[in-house]
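Fold and contact review
Residues per chain are reported as follows:
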Amino acid sequence: MKKIAVLTSGGDAPGMNAAVRAVVRTAIYNGLEVYGVYQGYKGLVENNIKKLEVGDVGNIINRGGTMLYSARLPEFANPEVRKGAIKNLEALGIDGLVVIGGDGSYRGAMALSNEMNIKTIGVPGTIDNDICCTDFTIGFDTALNTIVDAIDKVRDTASSHERAFIIEVMGRNAGDLALFAGIAGGSESLLIPEKKEDIDEVVARIKAGEDRGKKHSIIVLAEGVMSGQDLAKELKERTGEEVRATILGHIQRGGTPSAQDRVLASRLGNYAVQLLLAGESGRAVGIQNNKLVSTKFEDVFGDVHNVDLSIYDVSKQLSI
Ligand code: ADP
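Model, not experiment: these values are computed from the prediction.

**A look at the domain arrangement of the protein**
Segmentation of the protein into domains returns domain 1 (3-139 + 257-302) and domain 2 (140-254). Its C-alpha centre places domain 1 at a distance of 34 Å from the equivalent point of domain 2. Across the contact, 18 residues belong to domain 1 and 15 residues belong to domain 2. Here domain 1 and domain 2 share an interface that buries about 1300 Å² over both sides, 50% of which is from carbon and sulfur atoms. Sorting the residues of domain 1 by area buried against domain 2 places Ile-127, Asp-128 and Asn-129 first, and these three jointly supply 40% of that buried surface. At the junction of domain 1 and domain 2, the tally comes to three salt bridges. Asp-12 serves as the salt-bridge partner of Arg-253, at 3.2 Å between the closest nitrogen and oxygen.

**A closer look at the site of the ligand**
For the ligand, the set of nearby residues contains 15 residues, the closest of which are Arg-72, Leu-73, Gly-102, Gly-104 and Ser-105. Here an oxygen atom of the ligand sits 3.3 Å away from a polar atom, N or O, in the main chain of Gly-11. Within the backbone of Asp-103, an N or O atom sits 3.3 Å from an oxygen atom of the ligand. Relative to its free-state accessible area of 560 Å², the ligand is covered by the protein chains to the extent of 80%. It is helix 4 (residues 103-115) that contributes the most residues to the shell around the ligand, five residues altogether. Looking at the shell around the ligand, its residues break down into four nonpolar, seven polar and four charged.

**Examining the pattern of salt bridges**
The full count for this structure, using the stated rule, is 16 salt bridges. A salt bridge links Asp-103 to Arg-107; its shortest N-O distance comes to 3.6 Å. Here the residue Asp-103 and the residue Arg-107 both occupy positions in helix 4, the gap between them amounting to four residues, near one helical turn. Judged by its relative accessible area of 26%, Asp-103 is partly exposed.

**Here we look at the state of the cysteines**
On inspection of all chains with the given rule, the structure shows one disulfide. Covalently, Cys-132 is tied to Cys-133 through a disulfide, its sulfur atoms 2.3 Å apart. Residues Cys-132 and Cys-133 share a disulfide whose torsion about the S-S bond is about 55 degrees; that sign makes it right-handed. Comparing Cys-132 with Cys-133 shows no difference in burial state: the two are buried.

**Side note on unusual backbone geometry**
The phi dihedral of Asn-59 falls on the positive side, at around 60 degrees, and the residue is not glycine. Relative to the assigned elements, Asn-59 resides in the loop between strand 3 (49-52) and helix 3 (79-91). Accessibility expressed as a relative area gives 68% for Asn-59, which makes it exposed. The phi angle at Asn-290 is positive, at roughly 65 degrees, despite the residue not being glycine. Within the secondary structure, Asn-290 sits in the loop between strand 10 (283-288) and strand 11 (291-296).

**Some thoughts on the UniProt feature "active site" (unreviewed entry) in the protein**
Within the UniProt annotation, "active site" (unreviewed entry) is assigned to Asp-128. One can find Asp-128 in the loop between strand 5 (119-124) and helix 5 (140-161). Look at Asp-128 and you get buried, because its relative accessible area is 8%.

**Here's the deal with the UniProt feature "binding site: ATP" (unreviewed entry) in the protein**
Here the UniProt feature "binding site: ATP" (unreviewed entry) sits at Gly-11, Arg-72, Leu-73, Gly-102, Asp-103, Gly-104 and Ser-105. Spatial clustering of the annotated residues is evident: they stretch over 95 residues in sequence, but the largest pairwise C-alpha distance comes to 13.9 Å. On the secondary structure map, Gly-11 appears in the loop between strand 1 (3-8) and helix 1 (16-29). Gly-11 has contacts with Met-16, Arg-72, Gly-125 and Arg-253, leaving out every residue within four places of it along the chain. Relative to the helices and strands, Arg-72 is located in the loop between strand 3 and helix 3. Its relative accessible area of 59% is what places Arg-72 among the exposed residues.

The rules behind each value
Residues numbered from 1 in each chain as written. Predicted model: local features only at pLDDT ≥ 70, side-chain atom pairs only at ≥ 80, totals over all residues. Heavy atoms only, no water. Domains from an automatic or database assignment. Contact = heavy atoms within 4.5 Å. Buried area = accessible area lost by both parts, 1.4 Å probe. Salt bridge = Lys/Arg side-chain N within 4 Å of Asp/Glu carboxyl O. Near = heavy atom within 4 Å. Polar contact = N/O pair within 3.5 Å; in protein donor to acceptor, adjacent residues only side chain to side chain. Areas by Shrake-Rupley, 256 points an atom, 1.4 Å probe, with all protein chains shown as cover. Helix = DSSP H or I, 4+ residues; strand = E, 2+ residues; numbered from the N terminus. Nonpolar A, V, L, I, M, F, W, Y, C, P; charged D, E, K, R; others polar. Buried < 20%, exposed > 50% of the residue type's maximum accessible area, 1.4 Å probe, protein only. Disulfide = S-S within 2.5 Å. UniProt positions renumbered as here; feature names shortened; annotations may be inferred.

Here is the structure:
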């Protein structure tokens, strides 16, 4: 192993920069040359690849987003398109590739690793925490803190105006962000895709709250269940009460990465390069019970990410 490349792909996540920094510096520390691929797979196909030095990743550990930029390139599912990318890597003499991204990015990385001799490792970077075989993904903790901050603020208005508020949070089909934010923000109700039938309970809680004279409540809603507007409409129809929806949107993806995300990204980025140095390929790194682990891409896709429903049960008991 002499030369490696690193790219970020899919939705950006706070902490991706810390992961890039870790990959670059670990590589250089171990005597490797390292190249940055700009704009994810698009840059790989368009040969937007530049050599990186230690200083190029200075002052980025504290920055959200990704200095390597990200892009979506649906055409990358086409093997002919990937051939061009492989040619560009081979022309530079790259023998290892680190892909930082989510589930879609992993699919691209797995396809590449099956079609070329260049060793490939995936690093989980997405706020959604929806990747199997790792307890946490890079960006999740920062997004969670952003959401909790928003819940605290909305709660001030909710209690002053004695209203129910829905806060719609990201997470695609995973309920992790909503679940953790619901607990940390002390929400009265929580709706996640893994338990979407609980809408009847939300109605019952609003009604029970009213009977006790409590008019305000915070309902944390995962986007994978339904939209905040639709839920507001449904709740109004069923309770007769006006319910407001706040959709947090892309503010959840931005901001300075939390210390937790910086540490996770530094460890996972370092571990990815260690695996390449050990001759490993076709694997995704992750953290389980605070231990670094790696899993074959096939197994990552073969298994589903499961939200921890024991935490859901805790939230139920605490939001009486
Ligand atoms: P994320 O990595 O955050 O899940 P996407 O699903 O948008 O984000 O995937 C990022 C990129 O990965 C896509 O734009 C595409 O270039 C590539 N990709 C996604 N799915 C595949 C696939 N099945 N085969 C090859 N490349 C893929």
